[in-house]
Amino acid sequence: MSPESTDSTKRAEWSRYGFVLAAIGSAVGLGNIWRFPYVVGENGGGAFLIPYIISFFCFGIPLMILEFTVGRGFRGSVVTAFGRLHPRLRHLGLLPFVMTLVVFSYYSVIAGWTLAYIIFSVTGYMDFKTFTSSPLPLITFFATILLAGTVVKVDLKDGIERANRYLMPMLALALLIMFVQALALPGVQAGLAYYLTPDLSVLSDPGIWVQAAGQVFFSLSIGFGVLLTYGSYLSDSAPIPRSAAVVAGADFLVALVAGVIIFPVVFSFGFDPVSGPQLAFITLPRIFSTMAFGSFFGALFFILLFVGALSSILSMVEGGVATMVDEWAWPRKKATYLVCTLAAVIGLPSALSYAGFNLTLFGAPFLDTVDLLFGILLVPVSASVICLAFSWLWNPESLLAEANKNSRFKFSRAAVYYLRYVVPLLLLVTLASTVAMTLL
Ligand code: PHE
Ligand code: NA
């Protein structure tokens, strides 16, 4: 045992690359491979990339840098960081804490579908309707939570960090193989034309801007405090701006490539690209079951989805676990059991709404409404709270010193004003439009 590991006051720290890999693992997930392509397809193809890239740079990357900086500066999970900023603000951390727990719960339902589909790719696909009327999705939902808990309950380095050291190369390899095969298909031109040709007329639709902003938040895991938690284990020697650029860049690249994989396949087999969320679970399986080497590519595709989802889930579990460890000095194992049990219970109605039970909330399947509330609507709220609190109340010198530590790129004072005024304003506009679009 090294001397450090017996010292209980020393916080766990990522090894070199461990942090960036884990943060990429958190960012890259169902949001990139499952959601991004169909959102682009439904929203004007390549034109969607314009609002996406604008949101990405205007508040995506800045907020990611802020979360990393706050995490490292306060050496604590999100509730702890708020508490150390000001004791009376401690409860503000409960918002991202609860959001993450809820997202963990329904995200595991969809991750569970992808797990089932890995098996189907070999045994033959079950029709999606038949699948979601059976109890099978419940089993894969619990299996996913169990698997994530098994990883997180071990300590940081041997658990999350080590898992990502295997999962991220697997993801990259699966992505690369699928990418090469997609480019060799006859429908590649039609697919790419559909995916990337901008229909600029859609830019006058505020809905596109709102969708893009929501997609950036969800995809980069911003506003949930999970990046903040990961940042709390970051060593002082790591340059935060560069890490954030790598993580955000990887996230964007994977999302982009996922579309390049999916649309050529869809077009090569004469399917309709706009088939919404179920593109991955209805359209693609149909194609995989007829194409050459379809079981291989099908398995690869669903492994890609599951690996991406699992590594994202690890960060969600850690968000909850770190809070309990920091706040109540709980052992990591006990905290993991509680977080996973809570998610299994909270996620039950979402899982059941796609397992043969007609559970709805505000007129949509339970899972869809919970996603809208906790994965979309509350996110700009929570991101604003984090942004406002830490840019106004944390002394600007400390904030800048932490962000610039060992970085060749240095932020100036203007960055603090940007976070104080510009980002909250952008988030307010996003939030107001999201609410208006949802209700109208
Ligand atoms: N960023 C992940 C994705 O794109 C989802 C996620 C959301 C991860 C919230 C952590 C926290 O799939
Ligand atoms: Na993502």
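Residues numbered from 1 in each chain as written. Chains lettered and ligands numbered in written order. Predicted model: local features only at pLDDT ≥ 70, side-chain atom pairs only at ≥ 80, totals over all residues.

Now for the overall build of the chain. When helices and strands are tallied, the chain shows 20 helices and two strands. The C-alpha radius of gyration of the chain comes to 21 Å, within 12% of the 22 Å expected for a compact globule of 440 residues. Principal axes of the C-alpha set define a box for the chain whose edges measure 60 × 50 × 40 Å. Considering only contacts within the chain whose residues lie at least 6 apart along the sequence, 84% involve residues at least 24 apart. (Helix = DSSP H or I, 4+ residues; strand = E, 2+ residues; numbered from the N terminus. Rg over C-alpha atoms; globule rule 2.2 N^0.38 Å. Contact = placed C-beta atoms within 7 Å.)

Between the first and last C-alpha of helix α3 (residues 30–42) there are 17 Å, a value that for 13 residues agrees with the 18 Å anticipated at 1.5 Å per step. By the largest-angle criterion, F36 marks the main kink of α3, which is about 40°, and a proline, P37, follows within four residues. Across the 13 residues of α3, twelve count as buried, placing the element largely inside the fold. Three or more residues of α3 are buried, namely L30, G31, N32, I33, W34, R35, F36, P37, Y38, V39, V40 and G41. On its buried face, α3 sits against α6 (94–123), α10 (188–196), α11 (206–220), α13 (240–268) and α15 (294–328). In the stretch just after α3, G44 is the one whose phi turns positive, near 85°. (Expected span 1.5 Å × (residues − 1). Bend = angle between axes of the 7 residues up to and from the residue. Buried ≥ 20, exposed ≤ 12 C-beta atoms within 10 Å, placed from the backbone.)

This paragraph deals with the site of ligand 1. In the region of ligand 1, 15 residues are neighbours, and G29, G31, S221, F224 and S312 sit closest. When the residues that make up the shell around ligand 1 are grouped by side-chain class, the tally is seven nonpolar, eight polar and no charged. (Near = placed C-beta within 6 Å. Nonpolar A, V, L, I, M, F, W, Y, C, P; charged D, E, K, R; others polar.)

This paragraph deals with the packing of α10 against α13. At their nearest, the axes of α10 and α13 sit 7 Å apart, and the two run at 125° to each other. Taken together, the axes of α10 and α13 lie oblique to each other. Every pair of crossing elements has a handedness; the one defined by α10 and α13 is right-handed. From α10, V188, A190, G191, L192, Y194 and Y195 reach across to α13, where they touch G259, V260, F263, P264, V266 and F267. By residue class, the composition of the contact of α10 with α13 is ten nonpolar, two polar and no charged. (Axes fitted to C-alpha atoms, helices over the stretch in contact; angles between N-to-C directions. Parallel < 35°, antiparallel > 145°, perpendicular 65-115°, else oblique. Left-handed = near helix turned anticlockwise from the far one by under 90°.)

Quick look at the nonpolar core now. Core analysis: the biggest nonpolar cluster contains 156 residues, and M64, Y107, L304, L305, I313 and V317 have the highest contact counts within it. Residue contributions to this core peak at 18 residues, all from α15. Those residues in contact with L304 that lie beyond four places of it in its chain are I33, L171, A174, L175 and M178. (Core = buried A, V, L, I, M, F, W, Y, C linked by C-beta atoms within 7 Å.)

What follows concerns the packing of helix α4 (residues 49–74) against α13. Two elements in contact, α4 and α13, have axes whose closest approach is 9 Å; the angle formed by their N-to-C orientations is 130°. One way to sum up the angle between α4 and α13 is to call them oblique. The handedness of the crossing between α4 and α13 comes out as right-handed. Two secondary-structure elements touch here, α4 through F56, G60, I61, M64, I65, F68 and T69 and α13 through I240, P241, S243, A244, V247, A248 and F252.

What follows concerns helix α20 (residues 413–439). Here α20 contains 27 residues, and its C-alpha end-to-end distance of 39 Å stays within 8% of the 39 Å for a straight helix at 1.5 Å per residue. The largest bend in α20 is about 40°, located at L419. Residues of α20 that are buried: A415, V416, L419, V423, L427, T430 and T434. Buried-residue contacts for α20 involve α4, α11, α18 (366–393) and α19 (396–404).

Looking now at unusual backbone geometry. Of note in this structure, R75 is not a glycine but carries a positive phi near 45°. A positive phi angle, close to 55°, is found at A329, a residue other than glycine. You can see A329 is positioned in the loop between α15 and α16 (332–346).

Before going further, it helps to spend a moment on the confidence of the model for the chain. Scored by pLDDT, the chain has a mean of 94; 98% of the residues are at 70 or more. Two summary scores accompany this predicted model of the complex, namely pTM at 0.95 and ipTM at 0.98. (pLDDT = per-residue confidence, 0-100.)

The subject of this paragraph is the environment of F97. Mapped onto the secondary structure, F97 falls in helix α6. For F97 and V321, which are 224 residues apart along the polypeptide, the C-alpha to C-alpha distance reads 9.9 Å. With sequence-adjacent residues up to four places away left out, F97 is seen in contact with V78, V79, G225, G319, G320 and T323.

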